[in-house]
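Listed below, chain by chain, are the residues.
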Amino acid sequence: MLPYTEAANPITADIDISNPKEIVKKLEECDKEMFSPKGLDKEKTLFSEDILRAMVKVAEVAKKLIFQSDSGKSLIIMSGCGTSGRIAFMMARTFNRFLKLTEKKFAYTIAGGDQALFTSQEAPEDDRETGKNDLIKACEGRSQILYIGITCGLSAPYVAGQLNHCMENPEKFTPVLLGFNPVRLARDLPIYGWQKTFLKVAQELELLSEDDKAFLINPVVMGEAVTGSSRMKGGSMTKIILETIFLLSTAASDFSISECKKILKLYEETCKLFYESASNAVSSWMSWTAHSFNADGHLYYVGSNGAGVLGIIDATECPPTYGATLDDVRGFICGGYPEYENNEGDLGQLGENYRINSDDLAELLGRGPDAVKHDTLIIVAVGLTDPVLKELQENKKLGSSIKNVAGKDVAEKMKVGVVLLLEKDAQLPELPSFLSEIFVIRLPISDEVTPNTACSFLTSTGAERLKKSLFECCAKWFYNGTSTGAHVRKGKVYKNFMVDLKVSNQKLFHRSIGIIKRFSPGISEDEARNFLLRSIYEVDDVDMTLSSSSILTHIMAAAPKDKVCPWETFSVPFSITSLGSL
């Protein structure tokens, strides 16, 4: 049986031939499965008793570490690869800011280091020894640590190495595994240079969880809208679960499964309300962005605070998922690196794609209208006091640059618009007339489900944080819908499979074999692997030397190349002949 995280979702089987409004509807149906998946009577889902209990237990551990006075000995650290690591970073940033403690209680590690926050660094995901060493370094001087390893498919060797280290040092670590497959479907393939598989590590942790010496949070959320693209539901559910745990841990009163469920129900209601309010905005920007892509243009996001972080995350995910260039989609944040607060600070010296300040965007726009006339710029603002709105209203550097390039006709000038995420009764702010499109997405959350009522057990600042988190989820759904739909419309998806992905780690190597096998009926796993190797090495025949080489060797050869598993192949019925001609 395929892991749920790698399974094709029947909801989106024809997403590649759907119009923008149909795409948004399919994304909505997929996202709702996070909360209410159908046909899973025998699997654990978000509202299963075991999952809720584990979340509450982890929140209790976190509460103890947050509020005990221990001279900086306690730490909550989250870790992952790709999207999982980026959400880990975001949650550490969010709750260090929220608590405002002298000694930071939250930390993160990500495979590939901070470069992976901005560009894909997929290969380190396969290095369990690096994972272990990163964890040891991040925990220097700490003696009581809650470790949360995030891997949507229960597959990342980087996380496996860290979990194993935690289980070998129980006096120091409380390990948590967060993902979205049952343990039995964890990856059971050899990890390079080690005798264990991820399945073995997960089984060991599962045994420890029976005595609350470790915890397993692995609700099934069904397949992604684009098969295997865990940046979508996987990323959203990771954020929702972590936010819920840490909000509980800072609650004003005792909490239980009941309070945990109340917070999760708010996220479920918000998902429903978002799609009711945002369908037109998402489908419109999806269309305009696809137009930009097809004219060799680009998509830029700019925002502040959490919405700015999520825009950068979405942009970073497009190259490995859709074979996009680093320039195709870029995200910017008001305040740049001081506002971003990543471990390694300003990485702008590494190149253009590491420059994330809204002022950097202003300089890019300064090339003039002709240079950016095929591009699309989306400004995402949350609430009426969002700093990005002041940039526009007060005609600061960014606002002035946008004014010079903005136009109503996407064929003549850069398409520029604002997406405002507002509470239901908020007044519309005054915005400059040069903005060609303004979309307002309101969350008409009824009085019964506002944080201050349904979640009265939270502090006032906790309730305000929850409200911000709900809006951030809406921003994420907007970004994901826009970039996903635009790449679908460009032809980067066949049925609901990404078919221009980078073969840059074990997960993507095996996913590519699966794609070939799925669309070449009747061929075996070995034959599909053979065709993939022919594409990687650009040969007609795979000799014994190549065939017997390690997966790591193949990944090193494939990682620098584009179109190893090419989307052009899918413009005609897929066949062994078409693969053999690569």
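Predicted model, so just to flag it, every value in this text is computed and none were measured.

**Here's the deal with helix H8 (residues 257–294)**
Part 1 of the argument: Its maximal kink placed at Ala 278, H8 deviates by approximately 65 degrees.
Part 2 of the argument: Immediately downstream of H8, the backbone of Asp 296 shows phi near 60 degrees, a positive value.

**A look at the packing of helix H17 (residues 525–537) against helix H19 (residues 551–558)**
Part 1 of the argument: Two elements in contact, H17 and H19, have axes separated by 9 Å at closest approach and are oriented at 40 degrees. Judged by the inter-axis angle, H17 sits oblique to H19. Classified by chirality, the crossing of H19 by H17 is left-handed. Of the residues in H19, those touching H17 at Arg 529, Leu 533, Ile 536 and Tyr 537 are Thr 553, His 554, Ala 557 and Ala 558.
Part 2 of the argument: Among the residues forming the contact of H17 with H19, the class breakdown is 5 nonpolar, 2 polar and 1 charged.

**Focus: the nonpolar core**
Part 1 of the argument: The biggest cluster of nonpolar side chains holds 124 residues, and the ones touching the most others in it are Met 78, Ile 148, Ile 217 and Phe 246.
Part 2 of the argument: Excluding anything up to four places from it in sequence, Ile 217 contacts Ile 51, Ala 54, Met 55, Val 58, Val 176, Leu 177, Leu 178, Gly 179, Ile 241 and Ile 245.

**Remarks on the pairing of strand E3 (residues 144–150)**
Part 1 of the argument: E3 sits mainly inside the fold: 6 of its 7 residues count as buried.
Part 2 of the argument: Looking at chain direction, E3 and strand E4 (residues 173–178) are connected through 6 bridges and run parallel. The residue of E4 that forms the bridge with Gly 149 is Leu 177.

**Comments concerning the environment of Met 286**
Part 1 of the argument: Position of Met 286 among the secondary structure elements: in helix H8.
Part 2 of the argument: For Met 286, a relative accessible area of 0% gives the class buried.
Part 3 of the argument: Sequence separation between Met 286 and Glu 103 is 183 residues; the distance between their C-alpha atoms is 43 Å.
Part 4 of the argument: Apart from the residues lying within four places of it in its own chain, the contact partners of Met 286 are Pro 20, Ile 23, Val 24, Gly 481, Thr 482, Gly 485 and Ala 486.

**Notes on the sheet that holds strand E2 (residues 106–110)**
Part 1 of the argument: What the 5 strands build is an open sheet, ordered E2-E1-E3-E4-E5; its pairing is parallel. Looking at strand neighbours, the two that pair on one side only are E2 and strand E5 (215–217), the edges of this open sheet. In this sheet, adjacent strand axes meet at a mean angle of 20 degrees when their direction is disregarded.
Part 2 of the argument: Here 3 bridges tie E4 to E5, and the two strands are oriented parallel to one another. Directly across from Leu 178, in E5, lies its bridge partner Ile 217.
Part 3 of the argument: Helix-sheet contacts for helix H3 (residues 83–99) involve strand E1 (74–80), E2 and E3, and the interaxial angle to E2 is about 165 degrees.
Part 4 of the argument: Against the sheet, helix H6 (residues 198–209) contacts E4 and E5, and its axis sits at roughly 115 degrees relative to E5.

Rules behind the numbers
- Residues numbered from 1 in each chain as written.
- Predicted model: local features only at pLDDT ≥ 70, side-chain atom pairs only at ≥ 80, totals over all residues.
- Heavy atoms only, no water.
- Bend = angle between axes of the 7 residues up to and from the residue.
- Helix = DSSP H or I, 4+ residues; strand = E, 2+ residues; numbered from the N terminus.
- Axes fitted to C-alpha atoms, helices over the stretch in contact; angles between N-to-C directions.
- Parallel < 35°, antiparallel > 145°, perpendicular 65-115°, else oblique.
- Left-handed = near helix turned anticlockwise from the far one by under 90°.
- Contact = heavy atoms within 4.5 Å.
- Nonpolar A, V, L, I, M, F, W, Y, C, P; charged D, E, K, R; others polar.
- Core = buried A, V, L, I, M, F, W, Y, C linked by side-chain atoms within 4.5 Å.
- Buried < 20%, exposed > 50% of the residue type's maximum accessible area, 1.4 Å probe, protein only.
- Pairing = 2+ DSSP bridges.

Spatial relationships are all this shows, so hold off on functional conclusions.
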